[in-house]
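Coordinates in review
As a plain string of letters, each chain reads:
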Amino acid sequence: MNIIASLTARIEEYRATNKQPCKNYATEAAAEKATAKMAQDAANYFHKEQGVEARPAQYVVIYNEAWGRWVGAVNMTELIQRSSSTGGYIGYCTGFFVF
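Residues numbered from 1 in each chain as written. Predicted model: local features only at pLDDT ≥ 70, side-chain atom pairs only at ≥ 80, totals over all residues. Heavy atoms only, no water.

1. Examining the overall build of the protein chain
Helix and strand counts for the protein chain stand at three helices and three strands. Listing every helix and strand of the protein chain by position from the N terminus yields α-α-β-β-α-β. On C-alpha atoms alone, the protein chain measures out to a radius of gyration of 14 Å, which is about the 13 Å that the 2.2 N^0.38 rule sets for 99 residues. Taking the principal axes of its C-alpha atoms as reference, the protein chain extends roughly 40 × 25 × 25 Å. Taking all contacts inside the protein chain whose residues are at least 6 apart in sequence as the whole, residues at least 24 apart take part in 64%. Accessible area of the protein chain: about 5,900 Å², with a carbon and sulfur share of 54%. Taken as two groups, the 10 positive and 9 negative side-chain charges of the protein chain have centres that lie 5 Å from each other. (Helix = DSSP H or I, 4+ residues; strand = E, 2+ residues; numbered from the N terminus. Rg over C-alpha atoms; globule rule 2.2 N^0.38 Å. Contact = heavy atoms within 4.5 Å. Areas by Shrake-Rupley, 256 points an atom, 1.4 Å probe, with all protein chains shown as cover. Lys, Arg positive; Asp, Glu negative; His and termini not counted. Charge placed at Lys NZ, Arg CZ, Asp CG, Glu CD.)

This is the structure we're talking about:
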């Protein structure tokens, strides 16, 4: 499966019915910085050993041509299936697309 094509289609579908889409950025660097921070924050949040720096969640940053903006998405599936992860609020990555 082409995750970029799949995410772009989901983003466009969501944007068609929502005037307040998820966070988007003018530059790739800004999107990368914000998404990397959320990936680390989410990994720490779901980590069994609170207070220990976890390995960041996988993420992608993509350019959405329809908006002319950059968006980030966090791989929650990979994060939740880790043996070092524990339960928590699945909507933790508020404002970011997840897959």
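2. Concerning the packing of aromatic side chains
Going through the model one piece at a time under the given rule, you end up with five aromatic pairs. With 6.0 Å between their ring centres and 90° between their planes, Tyr-14 and Phe-97 make a pair best called edge-to-face. Of the two residues, Tyr-14 sits in helix α1 (residues 3-17) while Phe-97 sits in strand β3 (residues 97-98), which places them 83 residues apart along the sequence. On the basis of relative accessibility, which here comes to 33%, the residue Tyr-14 falls in the partly exposed class. With a centroid separation of 6.4 Å and an interplanar angle of 75°, the aromatic rings of Phe-46 and Tyr-92 are classed as edge-to-face. (Phe/Tyr/Trp six-rings, centres within 6.5 Å; stacked < 30°, edge-to-face > 60°. Buried < 20%, exposed > 50% of the residue type's maximum accessible area, 1.4 Å probe, protein only.)

3. Some thoughts on the pairing of strand β1 (residues 59-64)
One ladder, built from six bridges, connects β1 with strand β2 (residues 69-74); its direction is antiparallel. Bridging across to β2, Tyr-63 finds its partner in Trp-70. (Pairing = 2+ DSSP bridges.)

4. Remarks on the environment of Val-74
Mapping Val-74 onto the fold places it in strand β2. In this structure, the C-alpha to C-alpha distance between Val-74 and Gln-58, residues 16 residues apart in sequence, is 6.2 Å.

5. A short note on the nonpolar core
Judged by nonpolar contacts, the single largest core of 17 residues is most densely connected at Tyr-25, Val-74, Met-76, Leu-79, Cys-93 and Phe-96. Top element by residues in this core is helix α2 (residues 28-46). It accounts for seven residues. Leaving out residues up to four positions away in the same chain, Cys-93 has contacts with Met-38, Ala-42, Val-74, Met-76 and Val-98. Counting residues in each nonpolar core, the second largest holds nine residues, with Leu-7, Ile-11, Cys-22 and Ile-62 among its members. (Core = buried A, V, L, I, M, F, W, Y, C linked by side-chain atoms within 4.5 Å.)

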